[in-house]
Amino acid sequence: MSFSTDPRFPVSTEDDTAARRILLLFAASLIVVGLGGLLAVTITHWPGKSTPTVVAKDAGTLSSGLGPQPGDVVAGYLSSRSTALAAATGNRTAVVSLPDYASEVQARGAVGQAKVVGLLAAVPGGLPAVVTGSMTDWVNGQVADKRSDRDEMKSLVPTVDDPQFKAFYQDEIARLNKLLDGVTPDGPLVFGVVVEAPSSALQVLGGSGQVRLVDVAPPGVVAPGTAIRGLRPEETAKANDPPTRPS
């Protein structure tokens, strides 16, 4: 961004500082948009009951849900949920977290005969989402959003004189280019599967050594609008740390 040197439009030191601060905030806002923001996702309608819709809500306003809360110690959470799984009876909804990112086919295969009602997925550099419809449609939406962010940054680079800001934009453009080149619907994007199954089947799955965690919900129907969370492979110390999948 160029700052005016025309004597008809003098810019004070305070104005210059304010303008730079605005540019920094704008750059930061683009990164939030590019990453999807710090969000928790909810399934507002379960598949088979009506059209699936995924709604994002501010994670700070959510006090409950299925899965770990941001900041939960992972080791303690795994232990407590293992105890809950062992005591579960009847049919339950559960979030099955995988040890590594997998394709949709691999993820569905990992849960055996359990009914799949949603997939937990994240693109590199992105935040987790619940996918209840087509993985292809979801990936296309992610790619379109990132492409828009990249193109907006590319249009800003020629207007920026400050070397620090220019380098910042160029680094982000390179990161988004890498992401756009590597994301495909059949790639390793899924880190969890939301399922419905008898507790006995979930207990077998949890003890199979093929999954990281089977996180059972309390008895009864999981209401539409419940926040759904899983543990991504990179979350090893605390839940939601880091908040995004590494690039």
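Everything in this summary refers to the structure shown in the same document. Since this is a predicted model, take the numbers as computed values, not measurements.

**Quick look at the side chain of glutamate 235**
- Position of glutamate 235 relative to the elements: it lies in the segment after β8 (227-228).
- Among the residues examined, glutamate 235 registers a relative accessible area of 4% and is labelled buried.
- Residues in contact with glutamate 235, not counting those within four places in the same chain, are Val74, Arg212, Gly230, Asn240, Asp241 and Pro242.

**A short note on the pairing of strand β3 (residues 91-102)**
- Burial runs high along β3: nine of the 12 residues are buried.
- Of the pairings in the sheet, the one linking β3 to strand β6 (residues 190-198) comprises eight bridges and is antiparallel in character. From the neighbouring strand, asparagine 91 faces β6, where its bridge partner is proline 198.
- Pairing of β3 with strand β7 (residues 213-216), which is carried by four bridges, proceeds in the antiparallel orientation. Bridging across to β7, valine 96 finds its partner in valine 214.

**Topic: the packing of helix α4 (residues 135-156) against helix α5 (residues 163-182)**
- Running from N to C, α4 and α5 point in directions that differ by 150 degrees, and their axes come no closer than 9 Å. Here α4 lies roughly antiparallel to α5, going by the angle between them. Like other packed secondary-structure pairs, α4 and α5 cross with a definite hand, here left-handed. Mapping the contact onto sequence places Val143, Lys146, Arg147, Asp149, Arg150, Met153, Lys154 and Leu156 in α4 and Tyr169, Glu172, Ile173, Leu176, Asn177, Leu179 and Leu180 in α5.
- Of the residues assigned to the contact of α4 with α5, the class counts are eight nonpolar, one polar and six charged.

**A short note on helix α2 (residues 74-87)**
- For α2, built from 14 residues, the straight-helix expectation of 20 Å at 1.5 Å per residue is met to within 8% by its first-to-last C-alpha distance of 20 Å.
- For α2, the set of buried residues is Val74, Tyr77, Arg81 and Leu85. Down the axis of α2, the sector holding all buried residues measures 70 degrees, keeping them to one side. Along α2, the residues that are exposed and aim more than 90 degrees away from the buried face are Ala75, Thr83, Ala86 and Ala87.

**Some remarks on unusual backbone geometry**
- Going from aspartate 241 to proline 242, the amide bond is cis rather than trans, its omega being 5 degrees.
- Examined against the element boundaries, proline 242 turns out to sit in the segment after β8.
- Even without a glycine there, the phi angle at asparagine 240 is positive, about 70 degrees.
- Note that asparagine 240 resides in the segment after β8.
- Its relative accessible area of 23% is what places asparagine 240 among the partly exposed residues.

**What about the sheet that holds β6?**
- Spatially, β5-β4-β6-β3-β7 is the arrangement adopted by the five strands of the open sheet, whose pairing is antiparallel. A single partner strand is all that each edge strand has here, and the edge strands are β5 (129-131) and β7. Strand-to-strand twist in this sheet, taken as the mean axis angle between neighbours without regard to direction, amounts to 25 degrees.
- Each of β3, β6 and β7 is contacted by helix α6 (residues 199-206), which is oriented at about 145 degrees to β6, the strand it contacts most.

Cut-offs used in this document
Residues numbered from 1 in each chain as written. Predicted model: local features only at pLDDT ≥ 70, side-chain atom pairs only at ≥ 80, totals over all residues. Heavy atoms only, no water. Helix = DSSP H or I, 4+ residues; strand = E, 2+ residues; numbered from the N terminus. Buried < 20%, exposed > 50% of the residue type's maximum accessible area, 1.4 Å probe, protein only. Contact = heavy atoms within 4.5 Å. Pairing = 2+ DSSP bridges. Axes fitted to C-alpha atoms, helices over the stretch in contact; angles between N-to-C directions. Parallel < 35°, antiparallel > 145°, perpendicular 65-115°, else oblique. Left-handed = near helix turned anticlockwise from the far one by under 90°. Nonpolar A, V, L, I, M, F, W, Y, C, P; charged D, E, K, R; others polar. Expected span 1.5 Å × (residues − 1). Arc of directions from axis to C-beta.

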